[in-house]
Amino acid sequence: MTEKDQRNKPLRNLIHPPPRPIIPAGGAPVKIPHDNDVLSGRGGGVNSHPGNKRYRDLVISVKAEYLSPRTRKMQKSHIAANIVRMIRQQSDPPGRFLKMDASTGMWHEIGDKSAFRKTGQALRENSSVYRKCWKNMLAEAEAGVTATEVKDTMKSGV
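Only a predicted model underlies this, so the values are computations on that prediction, with no experimental measurement involved.

Engineer: What should I look at first to understand the nonpolar core in this one?
Structural biologist: When a protein is soluble and globular, its nonpolar side chains tend to lie buried together. Counting 19 residues, the largest nonpolar core has Tyr55, Val59, Ile83, Ile87, Phe97 and Leu123 as its most contacted members. Elements represented by at least two residues in this core include exactly α3 (50-67), α4 (73-89) and α5 (111-124). The contact partners of Phe97, leaving out residues within four places of it in the chain, are Val38, Tyr55, Val84, Ile87, Arg88, His108, Glu109, Ile110, Ala115, Lys118 and Thr119. One finds Val30, Leu39, Val46 and Trp107 within the second-largest nonpolar core, a separate group that totals five residues.

Next comes the structure, spelled out in structure tokens:
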């Protein structure tokens, strides 16, 4: 690493610090989750929950940017944190990230740290499909194929 890189590295970290967890795990147990909550777990009940559907839509809307070869690790952390913040702040009542305690049947907040991890994992699901698409687009760009030609090819199904 050059001297200039070493001088700029701390500044870069000050400009874009990693997202900090705000909401801790735990809290009061929840008997019935509301529609804005994101439920952790497996199966149809969790997948069909309105909060999980909205969460998946948010994940899908930024997945291409997240998986782009040009997106750096710190940017990926911020993308995941922004999804968590959208769930928590842009709904009324605010969304929570909940996990069921099998012994009590009650739901508990997993906290921001686990919510960031859960979101990062959701963003990486089916990543091979996106990475293959990015690889093809970059190869075509190097070969001089325009974005319009790529879109036309995708529309025609060739």
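Having seen it, we continue.
Engineer: I would appreciate a short explanation of the environment of Gly105 in the present structure.
Structural biologist: Within the fold, Gly105 resides in the loop between β3 (97-101) and β4 (106-109). For Gly105, a relative accessible area of 32% translates into the label partly exposed. Each C-alpha atom, one on Gly105 and one on Lys31, is 7.7 Å from the other, the two residues being 74 residues apart in sequence.

Engineer: Sorry if this is basic, but what is going on with the packing of α3 against α5 here?
Structural biologist: Geometrically, a packed helix pair is captured by the angle between its two axes and the distance between the axes. Running from N to C, α3 and α5 cross one another at 65°; their axes reach a closest spacing of 8 Å. In this view, α3 runs roughly perpendicular relative to α5, as classed from their interaxial angle. Remark: the crossing between α3 and α5 carries right-handed chirality. Along its contact with α3, which presents Tyr55, Val59, Val62, Lys63, Tyr66 and Leu67, the element α5 presents Lys118, Thr119, Gly120, Ala122, Leu123 and Arg124. Taken together, the residues of the contact of α3 with α5 break down into seven nonpolar, two polar and three charged.

Engineer: Help me understand the side chain of Thr119 in this model?
Structural biologist: Relative to the elements of secondary structure, Thr119 occurs in helix α5. At 2.8 Å, the side chain of Thr119 forms a polar contact with the backbone oxygen of Ala115. With near-sequence residues (within four places) excluded, Thr119 lies in contact with Tyr55, Ala80, Ile83, Val84 and Phe97.

Engineer: Whenever I open this one, the sheet that holds β4 confuses me. Can you help?
Structural biologist: In sheet architecture, strand pairing relies on hydrogen bonds along the backbone and comes in two forms, parallel and antiparallel. Here four strands make up an open sheet; going across it, the order is β1-β4-β3-β2 and the pairing mixed. Each having just a single partner strand, β1 (26-30) and β2 (38-40) make up the two edges of the open sheet. Shown here is a sheet whose adjacent strand axes are inclined to one another by a mean of 35°, direction ignored. Of the strand pairs in this sheet, β3 and β4 are connected by four bridges, and their pairing is antiparallel. Looking at β4, one finds that Met100 is bridged to Trp107.

Conventions adopted
Residues numbered from 1 in each chain as written. Predicted model: local features only at pLDDT ≥ 70, side-chain atom pairs only at ≥ 80, totals over all residues. Heavy atoms only, no water. Core = buried A, V, L, I, M, F, W, Y, C linked by side-chain atoms within 4.5 Å. Buried < 20%, exposed > 50% of the residue type's maximum accessible area, 1.4 Å probe, protein only. Helix = DSSP H or I, 4+ residues; strand = E, 2+ residues; numbered from the N terminus. Contact = heavy atoms within 4.5 Å. Axes fitted to C-alpha atoms, helices over the stretch in contact; angles between N-to-C directions. Parallel < 35°, antiparallel > 145°, perpendicular 65-115°, else oblique. Left-handed = near helix turned anticlockwise from the far one by under 90°. Nonpolar A, V, L, I, M, F, W, Y, C, P; charged D, E, K, R; others polar. Polar contact = N/O pair within 3.5 Å; in protein donor to acceptor, adjacent residues only side chain to side chain. Pairing = 2+ DSSP bridges.

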